[in-house]
Amino acid sequence: MTYEEICRDPEILGLIAKGNDILGALGFTDHSQAHSALVARRAGELLEAFGYDPHQVELARVAGFVHDIGNAINRKHHAEYGALLLDQILARKGVSLADRLTVVAAVANHDESTGNAFDPVSAALIIGDKTDVRRNRVRAKDQRSFDIHDRVNWAVTDARLTIDREARLITLDLDLDESLCTLYDYFDIFLGRMQMCRNGAQVLGARFKLAANGSRVL
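Below is a summary of the structure that appears in this document. (Residues numbered from 1 in each chain as written. Predicted model: local features only at pLDDT ≥ 70, side-chain atom pairs only at ≥ 80, totals over all residues. Heavy atoms only, no water.)

## Some remarks on the overall build of the protein
Check the secondary structure of the protein and you find nine helices and four strands. Starting at the N terminus, the α and β elements of the protein follow one another as α-α-α-α-α-α-α-α-β-β-α-β-β. Relative to the 2.2 N^0.38 estimate, which gives 17 Å for 218 residues, the radius of gyration of the protein is 17 Å and therefore close to what a compact globule would have. C-alpha atoms of the protein, sized along the principal axes, occupy 50 × 45 × 25 Å. (Helix = DSSP H or I, 4+ residues; strand = E, 2+ residues; numbered from the N terminus. Rg over C-alpha atoms; globule rule 2.2 N^0.38 Å.)

## Observations regarding the packing of aromatic side chains
When we look at a pair of aromatic rings, we describe it by the centre distance and by the angle of the planes. Counted under the stated rule, the structure contains four aromatic pairs. On the basis of an interplanar angle of 90° and a centroid distance of 5.9 Å, the ring pair of Tyr3 and Phe65 is categorised as edge-to-face. You can see Tyr3 sitting in helix α1 (residues 3–8) and its partner Phe65 sitting in helix α4 (residues 54–66), a full 62 residues away along the chain. Tyr3 gets classed as buried once you look at its relative accessible area, which sits at 10%. Where Tyr186 meets Phe187, the ring centres are 5.9 Å apart and the plane angle is 85°; that geometry is what we call edge-to-face. Among the aromatic residues, ring-to-ring pairing joins Tyr186, Phe187 and Phe190 into one connected group. (Phe/Tyr/Trp six-rings, centres within 6.5 Å; stacked < 30°, edge-to-face > 60°. Buried < 20%, exposed > 50% of the residue type's maximum accessible area, 1.4 Å probe, protein only.)

## Section: the pairing of strand β3 (residues 207–212)
Taken together, the six bridges between strand β2 (residues 169–176) and β3 define a ladder with parallel strand orientation. Bridge assignment links Thr171 to a residue of β3, and that residue is Lys209. The parallel pair β2 and β3, bridged by helix α9 (residues 183–203), forms a crossover whose chirality is right-handed. Note that β3 and strand β4 (residues 215–216) share two bridges and pair antiparallel. Residue pairing for β4: Ala212 is matched across the bridge by Ser215. The turn joining β3 and β4, which pair antiparallel and follow one another in sequence, is formed by two residues; a positive phi near 50° is taken by Asn213. (Pairing = 2+ DSSP bridges. Right-handed = clockwise from strand over helix to strand, strands pointing away.)

## Things to note about the side chain of His35
Residue placement: His35 occurs in helix α3 (residues 33–49). At 2.6 Å, the side chain of His35 forms a polar contact with the side chain of Asp132. When neighbours within four sequence positions are excluded, His35 is seen to be in contact with Asp30, His67, Asp68, Asp129, Asp132, Arg134 and Arg137. (Polar contact = N/O pair within 3.5 Å; in protein donor to acceptor, adjacent residues only side chain to side chain. Contact = heavy atoms within 4.5 Å.)

## Observations regarding the nonpolar core
By size, the foremost hydrophobic cluster in this structure holds 59 residues, and its most contacted members are Ile12, Phe65, Val66, Leu86, Val103, Ile170 and Tyr186. The contacts of Leu86, once residues within four sequence positions are left out, are Ile12, Val66, Ile69, Val103, Val104 and Val107. (Core = buried A, V, L, I, M, F, W, Y, C linked by side-chain atoms within 4.5 Å.)

## Quick look at the sheet that holds β4
With mixed pairing, four strands are arranged side by side in an open sheet as β1-β2-β3-β4. Edge positions in the sheet fall to β1 (156–164) and β4, since each of these pairs with one other strand and no more. Relative to β2, β1 is paired through eight bridges, and the arrangement is antiparallel. Opposite Arg160, over in β2, you have Asp173 as the bridge partner. Those strands touched by helix α8 (residues 148–155) are β1 and β2, and its axis lies near 70° from that of β1. Against the sheet, α9 engages β2 and β3, with an angle of about 160° to β3. (Axes fitted to C-alpha atoms, helices over the stretch in contact; angles between N-to-C directions.)

## Let's talk about the environment of Asp99
Along the chain, the position of Asp99 falls in helix α6 (residues 97–108). Taking the C-alpha atoms as reference points, Asp99 and Met1, separated by 98 residues in sequence, lie 9.4 Å from one another. Discounting chain neighbours no more than four positions away, the residues touching Asp99 are His55 and Leu59. In this structure the side chain of Asp99 is engaged in a polar contact, spanning 2.9 Å, whose partner is the side chain of His55.

This is a description of form; function is not addressed.
Okay, structure coming up:
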């Protein structure tokens, strides 16, 4: 199993697309293949930067790409549903038990309501996922109908995730239009996610820092 194979798999792609359609109908931000690919790239970059072996980097990229397939069943408990679906898919592909358990467990524990980081792959997945805050995740709609998730993502005009290997520091640096969203609004919905990132960084032997408009806030 390679990341490139997973990215081309019609069942995986179909599940991501269906889940994104369902979330769109429910008013959620974008969870399309673009989100999956970004999470995969960041997860791989994190482990690569901190010197993990290429096999773990590949597993982190795979976990990042497939982490949201459970949305095709239901948003509630989507992490657990996704893990169950993924276990069957990977088993049919002949993926080794050890690799299958690593990826499945990471997917099952990426949601802040039920999971947390416990190994490098799960930590990289969580940080990659929870730091994807950007304006173009907001679906096209009248701004007057924005909920707080839309408003927060729309207010982020730029977001940079940087990795300092020597300092063992991961930084999410946001440019935030505070006329659209205050820092209090951001923390109202993202505090749990940022705490997951901090825990994930600790698993990687690193620290996590959040900065907004040039000032450290976490």
